[in-house]
Amino acid sequence: MENLLYEGKAKKVYKTENPNEVIIYYKDDATAFNGVKKASISNKGILNNKITEILFTKLSEKGIPNHFIKRIDDRSQLCQKVDIVPLEFIVRNYIAGSMSKRLRIKEGTKPDNTIFEICYKKDELGDPLINDHHAVALELCTYEELHRMYSLTNEINEILKDIFDKEGIILVDFKIEFGKNNNGEILLADEISPDTSRLWDKKTLEKLDKDRFRRDLGSIEEAYIEILNRIN
Ligand code: UDP
């Protein structure tokens, strides 16, 4: 399609008549381990589109500036056009995944502090973990912008923890991305879904996120539906 601006692993971005707006289309494709493991998860695009709509709407209500404008249909949403800052902001409320592996800490350990990490979004390098000074040296953003993004990330974590906690879900960790709109404002962008977070049932500790795909646990669609139903 001629209006396609960009195609990623899980989403496509299309131009609209308005140069400041794009349509984001959610696919069913799933990848893990830097693209090595690939599959299609039925209805994932529909579920992540709706889950992201709900979470971004709640974040807007709490004053978090973000790119979301409205959901258009099952798989697409209208968003402000932004230039993505090539950084992934990761928040860990509990230790899991790569941090658990890298530092040999038992999954599910709860540190006394909240852990913030940044990774450089660069497929060829496998999105390496970097620090603030690397990000500035690579000219990905300024120290002021980093400060702003960390501050928003912290606020977003507090809001999301509360939303999930009320529904009996532990927000273990998540990844977010920011972009700059044509006014140079920094906005939360991309998505927040079970693809980009770890969500455990508070009572059973059952995983209700993409780890079901990464670890071949089955019932992936059911887990995403459970998340949508609880936050809806
Ligand atoms: N994450 C993501 N995209 C990435 C890397 C991580 O959405 O490219 C999310 C991941 O789903 C988890 C959190 O960020 O909720 C922390 O991921 P981790 O560093 O543990 O890496 P992973 O186990 O996903 O390799």
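Residues numbered from 1 in each chain as written. Predicted model: local features only at pLDDT ≥ 70, side-chain atom pairs only at ≥ 80, totals over all residues. Heavy atoms only, no water.

Engineer: Teacher, can you tell me more about the overall build of the chain here?
Structural biologist: Each helix and strand counted, the chain has six helices and 14 strands in total. Compactness check: the chain gives a C-alpha radius of gyration of 17 Å against a globular reference of 17 Å for 232 residues, within 12% of the reference. Structurally, the chain occupies a C-alpha span of about 50 × 40 × 35 Å along its principal axes. The burial tally for the chain puts 50% of its 232 residues in the buried class. In the chain, once contacts between residues fewer than 6 apart in sequence are set aside, the share between residues at least 24 apart is 57%. Counting every atom, the chain has about 11700 Å² of accessible surface; 48% of that belongs to carbon and sulfur. (Helix = DSSP H or I, 4+ residues; strand = E, 2+ residues; numbered from the N terminus. Rg over C-alpha atoms; globule rule 2.2 N^0.38 Å. Buried < 20%, exposed > 50% of the residue type's maximum accessible area, 1.4 Å probe, protein only. Contact = heavy atoms within 4.5 Å. Areas by Shrake-Rupley, 256 points an atom, 1.4 Å probe, with all protein chains shown as cover.)

Engineer: Quick question: what am I supposed to make of the site of the ligand here?
Structural biologist: Neighbouring the ligand are 15 residues; Arg92, Ser98, Asp173, Arg198 and Arg214 lie closest to it. Here Arg92 contributes a side-chain N or O atom positioned 2.6 Å from an oxygen atom of the ligand. The side chain of Asp173 places a nitrogen or oxygen atom 2.6 Å from an oxygen atom of the ligand. Elements with a minimum of two residues in the shell around the ligand: β9 (87-92), α2 (97-103), β12 (169-180) and β14 (197-201). Looking at the shell around the ligand residue by residue, the classes come out as three nonpolar, four polar and eight charged. (Near = heavy atom within 4 Å. Polar contact = N/O pair within 3.5 Å; in protein donor to acceptor, adjacent residues only side chain to side chain. Nonpolar A, V, L, I, M, F, W, Y, C, P; charged D, E, K, R; others polar.)

Engineer: For this particular structure, what's the right way to read the packing of aromatic side chains?
Structural biologist: The description of an aromatic ring pair uses the distance of the two centres, along with the angle that the planes make with each other. Scanning the model with the defined rule gives three aromatic pairs in all. Ring geometry for Phe89 versus Phe178: centroids 5.3 Å apart, planes at 85°, classification edge-to-face. Placement of the pair is Phe89 in strand β9 and Phe178 in strand β12, with a sequence separation of 89 residues. You'll find Phe89 and Phe178 in the same group, each marked buried. Where Phe116 meets Tyr150, the ring centres are 6.4 Å apart and the plane angle is 90°; that geometry is what we call edge-to-face. Of this pair, Phe116 sits in strand β10 (residues 115-120) while Tyr150 sits in helix α4 (residues 143-166), and the two are 34 residues apart along the sequence. Judged by its relative accessible area of 30%, Phe116 is partly exposed. Here the basic side chain of Lys110 rests over the ring of Tyr94, its NZ or CZ set 5.4 Å away from the ring centre. (Phe/Tyr/Trp six-rings, centres within 6.5 Å; stacked < 30°, edge-to-face > 60°. Lys NZ or Arg CZ within 6 Å of the ring centre and 35° of its normal.)

Engineer: Help me understand helix α6 (residues 220-231), please; the structure alone is not making it clear to me.
Structural biologist: Every α-helix winds through 3.6 residues per turn, so residues three or four apart in the chain are directed the same way. Given a rise of 1.5 Å per residue, 12 residues ought to cover 16 Å, and the 17 Å separating the end C-alpha atoms of α6 matches this to within 8%. Every buried residue of α6 is listed here: Ile220, Ala223, Tyr224, Ile227, Leu228 and Ile231. End-on, the buried residues of α6 take up no more than an arc of 140°, which puts them together on one face. Those residues of α6 that are buried are in contact with α1 (44-61), α4, β12, β14 and α5 (211-214). (Expected span 1.5 Å × (residues − 1). Arc of directions from axis to C-beta.)

Engineer: What should I look at first to understand the environment of Leu78 in this one?
Structural biologist: Position of Leu78 among the secondary structure elements: in strand β7 (residues 76-80). When the C-alpha atoms of Leu78 and Lys58 are compared, they prove to be 17 Å apart, with 20 residues separating the residues in sequence. Residues in contact with Leu78, not counting those within four places in the same chain, are Thr16, Glu21, Val22, Ile23, His67, Phe68, Ile69, Lys70 and Ile72.

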